[in-house]
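What follows is each chain in one-letter form.
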Amino acid sequence: MTRIRKAVFPVAGLGTRFLPATKAIPKELATVVDRPVLQYAVEEARAAGIEEFIFVNSLGKSALENHFDRDLFLEQTLEKKGKTKLLEAVREAAIPDGQMIVVRQHAPLGLGHAVWCARNAVGNEPFAVLLPDEVLVDPPCLPAMVAAHESVGGAVLATMPVAPELTKKYGILDPDGAEGADGLIPAKGMVEKPDPAEAPSNQSLIGRYVLPPEVFEALDKGERGAGGEIQLTDAIAQLVGRLPVHGFSFKGERHDCGSMDGFVKANLALGLKREELREDLTAYMRDLLGSG
Ligand code: G1P
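Residues numbered from 1 in each chain as written. Predicted model: local features only at pLDDT ≥ 70, side-chain atom pairs only at ≥ 80, totals over all residues. Heavy atoms only, no water.

Q: How should helix α7 (residues 141-152) be read in this particular structure?
A: Helical periodicity: at 3.6 residues per turn, an α-helix aligns residues three or four positions apart in one direction. The terminal C-alpha atoms of α7, which comprises 12 residues, lie 17 Å apart, in line with the 16 Å expected from a rise of 1.5 Å per residue. Here α7 has its buried residues at Cys-141, Leu-142, Met-145, Val-146, Ala-148 and His-149. Looking straight down α7, one finds its buried side chains confined to an arc of 165°; they lie on one side. α7 presents Glu-150 and Ser-151 as exposed residues on the side facing more than 90 degrees away from its buried surface. Just beyond α7, the residue with positive phi is Gly-153, at close to 65°. (Helix = DSSP H or I, 4+ residues; strand = E, 2+ residues; numbered from the N terminus. Expected span 1.5 Å × (residues − 1). Buried < 20%, exposed > 50% of the residue type's maximum accessible area, 1.4 Å probe, protein only. Arc of directions from axis to C-beta.)

Q: Please clarify how the site of the ligand should be interpreted in this entry.
A: The ligand sits among Arg-17, Leu-111, Leu-131, Glu-134, Tyr-170, Gly-171, Glu-192, Lys-193, Leu-205, Gln-231 and Thr-233. Between Gly-171 and the ligand, the recorded distance is 2.9 Å, taken from a backbone N or O atom to an oxygen atom. The separation between an oxygen atom of the ligand and a polar main-chain atom of Leu-205 is 2.7 Å. Relative to its free-state accessible area of 380 Å², the ligand is covered by the protein chains to the extent of 85%. (Near = heavy atom within 4 Å. Polar contact = N/O pair within 3.5 Å; in protein donor to acceptor, adjacent residues only side chain to side chain. Areas by Shrake-Rupley, 256 points an atom, 1.4 Å probe, with all protein chains shown as cover.)

Q: Is there a simple way to think about the pattern of salt bridges in this case?
A: Evaluation of the coordinates by the stated rule reveals 24 salt bridges. A salt bridge links Lys-6 to Glu-52; the shortest N-O distance between them is 4.0 Å. Of this pair, Lys-6 sits in strand β1 (residues 6-10) while Glu-52 sits in strand β4 (residues 52-57); the two residues are 46 residues apart in sequence, bridging distant segments of the chain. Across the pair, Glu-52 and Lys-6 agree in class, each one buried. Across the salt bridge formed by Lys-168 and Asp-195, the nearest N and O atoms sit 3.2 Å from each other. Placement of the pair is Lys-168 in the loop between β8 (155-161) and β9 (171-175) and Asp-195 in the loop between β10 (184-192) and β11 (203-211), with a sequence separation of 27 residues. A network of salt bridges, in which partner residues are shared, links Asp-34, Arg-35, Glu-43, Arg-274 and Glu-276. (Salt bridge = Lys/Arg side-chain N within 4 Å of Asp/Glu carboxyl O.)

Q: In this structure, what is going on with the environment of Met-100? I would like to understand it.
A: The topology assignment puts Met-100 in strand β5 (residues 100-104). Residues in contact with Met-100, not counting those within four places in the same chain, are Phe-53, Phe-55, Glu-65, Phe-68, Asp-69 and Ile-95. (Contact = heavy atoms within 4.5 Å.)

Q: Sorry, what's going on with helix α10 (residues 260-272) here?
A: Here α10 spans 19 Å end to end across 13 residues, near enough to the 18 Å set by a 1.5 Å rise per residue. By the burial criterion, the buried members of α10 are Gly-262, Phe-263, Ala-266, Leu-270 and Gly-271. Buried residues along α10 cover an arc of 160° about the axis, so they all sit on one side.

Q: What am I meant to see in unusual backbone geometry here?
A: The general pattern is negative phi for most residues beyond glycine and trans for most peptide bonds. Cis geometry marks the peptide bond from Leu-19 to Pro-20, where omega comes out at 5°. Geometrically, the link from Asp-138 to Pro-139 is a cis peptide bond, its omega value of -5° lying close to zero. Relative to the assigned elements, Pro-139 resides in the loop between β7 (134-137) and α7. Even without being glycine, Asp-138 reaches a positive phi, approximately 55°. In this fold, Asp-138 is placed in the loop between β7 and α7. The phi dihedral of Lys-193 is positive, around 45°, even though this residue is not glycine.

What follows is the structure, encoded as structure tokens:
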């Protein structure tokens with residue numbers, strides 16, 4: 001089984017759900033506690049052994065790449081001032097030389113199209129896709145998916161149950177049997193953003209994928225799906241019957257930072273996990289809610 005070395009991060013979106021915040025600042029740089037949402041995804045990929053970070057970016061969003069550069073002047077300044085912790089944090093954020101690849105998506109034609117834009121950088125090997133809107137922690141999702149993929153191959157897609165009325169917001173898995181002890185759910189299909197009445201289950205796709213290179217064959221066709229966009233979900237569905245396709249039931253903590261409520265909740269939840277903030281934040285929230 002080929003090791004998963006490459007990860008694609010689709011980051012070209014306009015971030016319209018968060019306007020006006022995203023007029024001048026890419027939504028992927030919106031801060032959850034002390035780091036941008038995109039950094040959570042990059043750290044998760046790193047924990048899974050990823051060595052090549054492929055950003056599918058678009059015009060006007062180069063601040064994204066800059067965030068993962070080294071800034072030697074800043075590092076020197078922090079070092080001189082003895083700000084060791086900050087220095088460490090800044091160094092940790094950087095992607096090492098030669099491990100960041102930026103490809104362009106010229107038009108917002110959909111997630112499937114964004115992933116297709118990375119085809120030459122990925123080449124003929126299995127790879128991961130991480131949607132940075134989704135912050136998945138405790139434990140991070142991708143390392144376990146990569147381990148599960150080693151035993152089944154094909155495509156492995158992270159899933160989590162959602163309330164039935166929310167199926168319209170997500171890709172939904174069509175399971176072909178029960179979840180195994182390893183968290184894997186065999187799949188016979190998947191549908192992008194179905195109405196609750198048409199949803200094959202309530203297992204939503206949560207933005208982490210391990211995919212075989214064959215997915216590019218379906219994406220090559222450029223077929224439009226839900227919302228008139230080229231959908232990654234539809235391309236993966238075309239692998240069913242050809243290669244094994246599994247859901248991977250994620251048991252950790254999920255924050256959908258692509259929605260306003262998810263983003264605000266992520267700041268609260270991850271803020272509360274910080275020892276230096278917990279006590280003060282808890283007291284403040286009690287006070288705010290009038291229960292303390
Ligand atoms: C995308 C995918 C969808 C997935 C979701 C996870 O939708 O198309 O299948 O469930 O991310 O957040 P988007 O949120 O970009 O509309």
